[in-house]
Amino acid sequence: MKQQIISDDVIESIFLKLPAKSILQFRSISKYWNSVLTSPGFVATHRHLHHSQYCLLFVEDDSINVVQYVGLQQNDPVAVFTTRLSFPPPLQIFPSSWRDNSGRLYNYCGWKTGLFSSCNGILCIDMIGDLHNDTVNHGLHTFMCDHVTVLWNPCTNAFRELPKSGGYPKTTMDGRLAYLGFVYDSSNNDYKVIKVEHYFEGSFRSAVDIFSLKSNMWTSIADNIEFPYRIGDEATVINGGLYWLERDTETLDLETYQMLVRRGRLEYSEDYMQRIRTREKLFRFDFTTKLSTEQELPHMGENYNSYETQAFASLASDYLSLFTNNGDLWLLKDGSWVKHMTIPRVFQNEIGVDPDLMPLFFTKDNSIVTHAEGSTKSSVQVTYDPHQSSFKIYKVHGIQHSYRIILHNQTLVSPSIF
């Protein structure tokens, strides 16, 4: 019987259907297949075909817990804990002891994770190295901090340390890193890291720096800018702009104001009601024009309590998203806000879930998968089907409560792609 030979094109098409972790095992077949499976064309095609193969990363100070989803193709995803991975060690570790220009000794206090972001399977991590001076100056210890930014693909374990920016190390009074973003710039086929730093110079100001993987350089695109409000780590980068929410914390929220009016502690004022309606603002910084402008928020009703608005951008979508604690999910489409769905809170008392849900992604049948914390601080997955008005609730075993959770997808993309 004549032996059938399978062409390389057929074999490559089979590899493209495999998850990233499985492909890693086949790189050692031969030099030829290693070159094919690591080629930019294969990696890009595989990433495109598996762009919705999500996982969750629970970030700790020195490691991540990876939670995979099974049943994604059947529109019934279930989160299952798989493994715990340690961060790659930063290469530019600050010396264990260091003296400033005055000869004062600073002690190295160790690294910890600060801010982080994810794009196309690469995790961008800001690692903070704290230093302090044991010598008391006018009753105060002098503290300094150093930053190292690392790009890491947890699937392949490949990582890349970026050049430093911002004149670090510096005293903690001289600046504070407020936001870290990592995005793919399709117009230039480039990956970019966005950093926003706050500092005080007569008033609170911000500086925006962008790192290009192609050029391997940091570029300052905005410095000494007095933004209308300060950017926080709840910001997000989408469609060529940096968006962030700012809340007027000096204005009472609607529920508290109405209670004080009912009890006669305050008199009703339409002017104050207008302050409540506008106590939350949305801003956008355009990377091209370098201008920050206030953006319109969706009209959520006269009795909407803006204090309850959650941060956006946890949702895997091409649209800017805004999720509120009353269950409304808004998407910004073609410059207008559209209420995509409302997630009822009828399940809350049954399982003791906190009011805060974290929207993650849509399934193919338009159900939405969210993450929440159970009453015992355990991790809970809540999937809502708007067509059937039904819920599926799963406990994620093996994961402890974490305030730092990020949606991620496993790819073969290398941090050293350029």
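Residues numbered from 1 in each chain as written. Predicted model: local features only at pLDDT ≥ 70, side-chain atom pairs only at ≥ 80, totals over all residues. Heavy atoms only, no water.

Turning our eyes to something else, we now look at the packing of helix α1 (residues 8-16) against helix α4 (residues 40-49). Here α1 crosses α4 at 45°, and the two axes come no closer than 10 Å. Relative to α4, the element α1 is oriented oblique. Only Phe42, Thr45, His46 and Leu49 of α4 make contact with α1, whose side of the interface consists of Glu12, Phe15 and Leu16. Along the lines of polarity and charge, the residues of the contact of α1 with α4 split into four nonpolar, two polar and one charged. (Axes fitted to C-alpha atoms, helices over the stretch in contact; angles between N-to-C directions. Helix = DSSP H or I, 4+ residues; strand = E, 2+ residues; numbered from the N terminus. Parallel < 35°, antiparallel > 145°, perpendicular 65-115°, else oblique. Contact = heavy atoms within 4.5 Å. Nonpolar A, V, L, I, M, F, W, Y, C, P; charged D, E, K, R; others polar.)

The next subject is the pairing of strand β25 (residues 405-409). β25 sits mainly inside the fold: five of its five residues count as buried. Burial of the side chains of β25 extends over both faces: Ile405, Leu407 and Asn409 are buried on one face and Ile406 and His408 on the other. With five bridges connecting them, strand β1 (residues 54-59) and β25 associate as antiparallel partners. Bridge assignment links Tyr54 to a residue of β25, and that residue is Asn409. (Buried < 20%, exposed > 50% of the residue type's maximum accessible area, 1.4 Å probe, protein only. Pairing = 2+ DSSP bridges.)

Time to look at the state of the cysteines. For the structure shown, the criterion picks out zero disulfides. Not part of a disulfide, Cys155 finds its nearest cysteine sulfur in Cys55, a span of 8.8 Å. With relative accessibility at 5%, the residue Cys155 sits in the buried group. (Disulfide = S-S within 2.5 Å.)

Here we take up the pattern of salt bridges. In this structure the tally under the stated criterion is three salt bridges. With a shortest N-O distance of 3.0 Å, Asp185 and Lys192 are connected by a salt bridge. Classification of Asp185 by relative accessible area gives buried; the value is 16%. Arg284 is the salt-bridge partner of Asp286, the closest N and O atoms lying 2.8 Å from each other. The exposure class assigned to Asp286 is buried, which follows from its relative accessible area of 17%. (Salt bridge = Lys/Arg side-chain N within 4 Å of Asp/Glu carboxyl O.)

This paragraph deals with the side chain of Arg27. Relative to the assigned elements, Arg27 resides in the loop between α2 (20-26) and α3 (31-37). One buried charged residue, Arg27, forms no salt bridge at all, with the nearest opposite charge on Glu12 at 12 Å. Excluding anything up to four places from it in sequence, Arg27 contacts Asn34, Leu37, Thr38 and Leu412. (Lys, Arg positive; Asp, Glu negative; His and termini not counted.)

Attention now goes to the sheet that holds strand β21 (residues 358-362). Overall, antiparallel pairing links the four strands, which are arranged β21-β22-β23-β24 in an open sheet. Strand pairing shows two members of the sheet lacking a second neighbour, β21 and β24 (390-396), which therefore form its edges. On average, each strand axis in the sheet is inclined to that of its neighbour by 25°, with strand direction left out of account. In this sheet, strand β22 (residues 368-373) lies alongside β21 in antiparallel orientation, the contact comprising four bridges. Bridge assignment links Pro359 to a residue of β22, and that residue is Thr370.

Once that is clear, we can look at the sheet that holds strand β20 (residues 336-342). One open sheet holds the three strands; their spatial order is β18-β19-β20, and the pairing between them is antiparallel. A strand with exactly one partner marks an edge of an open sheet, and here the two such strands are β18 (320-323) and β20. Shown here is a sheet whose adjacent strand axes are inclined to one another by a mean of 25°, direction ignored. Inspection of the sheet shows strand β19 (residues 328-333) paired to β20 by six bridges, in the antiparallel sense. In the sheet register, Trp330 faces β20, and the bridge partner there is Lys339.

Before going further, it helps to examine the environment of Val59. Its place among the elements puts Val59 in strand β1. For the pair Val59 and Ile406, spaced 347 residues apart in sequence, the C-alpha separation works out to 7.8 Å.

Moving on, we come to the packing of aromatic side chains. Summed over the entire model, instances satisfying the criterion amount to ten aromatic pairs. When the centroid spacing of 5.1 Å and the interplanar angle of 50° are considered together, the rings of Phe15 and Phe26 count as tilted. Taken together, the positions of Phe15 in helix α1 and Phe26 in helix α2 put the pair eleven residues apart, joining distant regions of the chain. Residue Phe26 is classed as partly exposed on the basis of its relative accessible area, which comes to 31%. Their ring planes at 35° and their centres at 4.8 Å tell us that Tyr384 and Phe391 sit as a pair that is tilted. Of the aromatic side chains, those joined through ring pairs into one cluster are Phe15, Phe26, Tyr32 and Trp33. Directly above the aromatic system of Tyr184 lies the positively charged group of Arg47, at a separation of 5.6 Å from the ring centroid. Lying over the aromatic face of Tyr319, Lys333 brings its terminal NZ or CZ to 5.2 Å of the ring centre. (Phe/Tyr/Trp six-rings, centres within 6.5 Å; stacked < 30°, edge-to-face > 60°. Lys NZ or Arg CZ within 6 Å of the ring centre and 35° of its normal.)

Here we take up a nonpolar patch on the surface. Judged by side-chain polarity, Ile6, Val10 and Ile14 come together as a nonpolar surface patch covering roughly 260 Å² of accessible area. Mapping Val10 onto the fold places it in helix α1. (Patch = residues over 30% accessible without salt bridge, like charges linked within 9 Å, V, L, I, M, F, W, Y side chains within 5 Å. Areas by Shrake-Rupley, 256 points an atom, 1.4 Å probe, with all protein chains shown as cover.)

This brings us to the confidence of the model for the chain. Parts of the prediction with low pLDDT should not have their coordinates interpreted in detail. Per-chain confidence: the chain averages 76 in pLDDT, with 70% of residues scoring 70 or above. The model gives residues 91-97 a pLDDT under 50, and that stretch makes 19 contacts with residues more than four places away or in other chains. (pLDDT = per-residue confidence, 0-100.)

This next bit is on the side chain of Thr383. Mapping Thr383 onto the fold places it in strand β23 (residues 379-385). Residue classification places Thr383 among the buried positions, given a relative accessible area of 8%. Within the structure, the side chain of Thr383 is placed 3.0 Å from the side chain of Gln381, a separation counted as a polar contact. Setting aside residues up to four positions removed in sequence, Thr383 forms contacts with Pro77, Ser367, Ile368, Val369, Ser390, Phe391 and Lys392. (Polar contact = N/O pair within 3.5 Å; in protein donor to acceptor, adjacent residues only side chain to side chain.)

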